Amino acid sequence: MSQYFENDVSLTSHLRKISLRLFDREFSFYTDNGVFSKTSIDYGSKLLLESLPLSSITGDILDVGCGYGTLGIVLERVLHHPVTMVDVNRRAVHLTRRNIKENHCELAEVLVSDGYEKIAKKYQTIITNPPIRAGKEVVYRILIGAKDYLEKDGNLFFVIRKEQGAKSTISELEKYYDITVLERKKGFFIIWAKKG
């Protein structure tokens, strides 16, 4: 069975449209087979967005492993900052392009990129709901690797579940960042990692 972090061109398309109300705004997203959380916005991403200290997010934003664009699109609409979104899954990137237009995001772009592979600049904020099923090595490459793509006082925000190693991940990241747990709910941890 295909995973959402793979490019399975043989997978049959089943396009659908889902909606989200957040920050007193309505959002619409096209989803499809072969992408993460295709039937509804996942709880972790929604909790991550709701927990963000929005006033602390300034400058350009990078959404790593963007899926069909939920995090980046919501932040572009709410904050009006330039947002770059990346995903290794070509179908996800195609959907994100469509969702950028659907949600009238003028400051958003999306690229096919394996993590930071195609990223050539630094960002004030990096946000991610990392692809846990891709394995710890991939997740750590995204979370620890963020420090090389953040501005001097940049911020990394992410969500991880307790049973997916939240506590050990926090311990590892404390070697590189100042860590704040913004929220704990239903086994999900929302983490703010500030570059020191």
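Refer to the structure printed above.
*Asks:* Could you give an account of the pattern of salt bridges, with specific residues and numbers?
*Replies:* Taken as a whole, this structure holds ten salt bridges when the rule is applied. Here R141 ties to D114 by a salt bridge, and the two come within 3.6 Å at their closest N and O atoms. Of the two residues, R141 sits in helix 4 (residues 136-145) while D114 sits in the loop between strand 5 (108-112) and strand 6 (123-128), which places them 27 residues apart along the sequence. D148 is the salt-bridge partner of K147, the closest N and O atoms lying 3.6 Å from each other. On the accessibility criterion, K147 (23% relative accessible area) is partly exposed. Looking at D148, the relative accessible area reads 45%, which means it is partly exposed. A network of salt bridges, in which partner residues are shared, links R21, D24 and E26.

*Asks:* How would you explain the pairing of strand 8 (residues 177-185) if you had to name every residue and give the values?
*Replies:* With eight bridges connecting them, strand 8 and strand 9 (residues 188-195) associate as antiparallel partners. Within strand 9, the position partnered with R184 by the bridge is F189.

*Asks:* How would you sum up helix 3 (residues 90-102)? Please name residues and give values.
*Replies:* Taking 1.5 Å of rise per residue, the 13 residues of helix 3 would be expected to cover 18 Å, and the 18 Å separating its terminal C-alpha atoms lies within 8% of that figure. All of the buried residues along helix 3 are A92, V93, L95, T96, N99 and I100. Down the axis, helix 3 shows its buried residues gathered within 160° of arc, on one side only. The exposed residues of helix 3 that point more than 90 degrees off its buried face are R90, H94 and K101. Buried residues along helix 3 sit in contact with strand 2 (25-31), helix 2 (70-79), strand 4 (83-87) and strand 5. Where helix 3 begins, the side chain of N89 points an oxygen toward the backbone nitrogen of R91, at a separation of 2.9 Å. In the stretch just after helix 3, H104 is the one whose phi turns positive, near 55°.

So, how was this worked out
- Residues numbered from 1 in each chain as written.
- Predicted model: local features only at pLDDT ≥ 70, side-chain atom pairs only at ≥ 80, totals over all residues.
- Heavy atoms only, no water.
- Salt bridge = Lys/Arg side-chain N within 4 Å of Asp/Glu carboxyl O.
- Helix = DSSP H or I, 4+ residues; strand = E, 2+ residues; numbered from the N terminus.
- Buried < 20%, exposed > 50% of the residue type's maximum accessible area, 1.4 Å probe, protein only.
- Pairing = 2+ DSSP bridges.
- Expected span 1.5 Å × (residues − 1).
- Arc of directions from axis to C-beta.
- Contact = heavy atoms within 4.5 Å.
- Polar contact = N/O pair within 3.5 Å; in protein donor to acceptor, adjacent residues only side chain to side chain.

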